[in-house]
Amino acid sequence: QVQVVESGGGLVQAGGSLRLSCAASGSIFSINAMVWYRQAPGKQRELVAGITKGGSTNYADSVKGRFTISRDNAKNTVYLQMNSLKPEDTAVYYCKIILAAGQNYWGRGTQVTVSS
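An account of the accompanying structure is given in this report. Keep in mind that this is a model prediction, so the values were computed, not measured.

Procedures and definitions
Residue indices follow the written sequence of each chain, beginning from 1 at its first position. It should be noted that, the model being predicted, local features are given only for residues of pLDDT at least 70 and side-chain atom pairs only at 80 or more, the latter also being counted only at that level, while totals for whole chains, interfaces and linings use all residues. Based on all heavy atoms of the structure, the side-chain values leave hydrogens and waters out of the count. Helix and strand assignments follow DSSP, with helices taken as H or I runs no shorter than four residues and strands as E runs no shorter than two, numbered in order from the N terminus. For each residue, the accessible area found with a 1.4 Å probe, counting protein chains only, is set against the maximum for its type, and the residue is called buried under 20%, exposed over 50%, and partly exposed in between. Residues are treated as being in contact if the distance between any of their heavy atoms lies within 4.5 Å. Shrake-Rupley sampling with a 1.4 Å probe provides the accessible areas, and residues are treated as covered by the protein chains on show and by no other component. As used throughout, the charge tally considers Lys and Arg to be positive and Asp and Glu to be negative, leaving His and the chain termini uncounted. Every charge is mapped to an atom, namely NZ of Lys, CZ of Arg, CG of Asp or CD of Glu. Disulfide: a pair of cysteine sulfur atoms within 2.5 Å of each other. Ring geometry is summarised as follows: Phe, Tyr and Trp rings, the Trp one being its six-membered ring, pair when their centres sit within 6.5 Å, and such pairs are stacked at plane angles under 30 degrees, edge-to-face over 60 and tilted between the two. Distance and angle both matter: a charge sits over a ring if NZ of Lys or CZ of Arg is within 6 Å of the ring centre and within 35 degrees of the ring normal. Paired strands, as defined in this entry, are two strands with at least two bridges between them according to DSSP. To get an axis, fit a line to the C-alpha atoms, keeping to the stretch in contact for a helix; angles then go from 0 to 180 degrees between the N-to-C directions.

## Some details on the overall build of the protein
When you go through the protein residue by residue, the secondary structure sums to zero helices and 11 strands. What you see in the protein, going N to C, is helices and strands ordered as β-β-β-β-β-β-β-β-β-β-β. Considered along the principal axes of its C-alpha atoms, the protein spans approximately 45 × 25 × 25 Å. Relative to its full complement of 116 residues, the protein shows a buried share of 41%. Sequence-distant contacts, at least 24 apart, represent 52% of the contacts inside the protein between residues at least 6 apart. Accessible area for the protein stands at about 6,100 Å²; split by element, carbon and sulfur atoms hold 47% of it. Of the charged side chains in the protein, 12 are positive and 6 negative, and the gap between their average positions amounts to 5 Å.

## Here's the deal with the state of the cysteines
The full count for this structure, using the stated rule, is one disulfide. For C22, the disulfide goes to C95, at an S-S distance of 2.1 Å. Across the S-S bond linking C22 and C95, the dihedral sits near -80°, which makes this disulfide left-handed. Residue C22 is found in strand β3 (residues 18–26), and its partner C95 is found in strand β9 (residues 91–99); the two are separated by 73 residues along the sequence. In this pair, the class of C22 matches that of C95, namely buried.

## Thoughts on the packing of aromatic side chains
Considering all chains together, one arrives at one aromatic pair under this definition. On the basis of an interplanar angle of 50° and a centroid distance of 4.9 Å, the ring pair of Y37 and W106 is categorised as tilted. Remark: W106 occurs in strand β10 (residues 104–106) and Y37 occurs in strand β4 (residues 31–39); sequence separation between them is 69 residues. The residue whose ring lies beneath R19 is Y79, and the NZ or CZ to ring-centre distance is 4.1 Å. The ring of W106 carries R45 above its face, with NZ or CZ at 4.7 Å from the centroid.

## Remarks on the pairing of β4
By the criterion of burial, β4 is predominantly enclosed, with seven of the nine residues buried. With eight bridges connecting them, β4 and β9 associate as antiparallel partners. Across the sheet, Y37 pairs through a bridge with Y94, a residue of β9. With six bridges connecting them, β4 and strand β5 (residues 46–52) associate as antiparallel partners. Its bridge partner being in β5, W36 is matched across the sheet by A49. Linking two consecutive strands that pair antiparallel, namely β4 and β5, is a turn of six residues; a positive phi of about 75° is found at G42 within it.

## Side note on the sheet that holds strand β1 (residues 2–7)
An order of β1-β3-β8-β7 is seen for the four strands of this open sheet, with the pairing classed as antiparallel. The outermost strands of the open sheet, each flanked by one partner alone, are β1 and β7 (67–72). Within this sheet the neighbouring strands show an average axis-to-axis angle of 15°, counted without direction.

Structure representation (structure tokens):
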């Protein structure tokens, strides 16, 4: 069994910063990629940022230059540093881990609210 738990969400004013964390635990042999998604009310879930085991990253155009994804392989943890937050960043942020064997596991999400 694999557990994925996000933390670090909250309420912040526009222009502020938050750091999200996502920790995976359980029957994990090797994690391939770790990905952050978000879903705003009434919208589809969208990819925010992803990082491979080797450290290659990709970002949605809407967050490039403001968000930074990083990971600690020893701790099976991925982080999302979010700076210069905008009201349109308000969403539930979800973490997905992709194991080397191919299975995907999702967390339950953490709410990020950016006030104007």
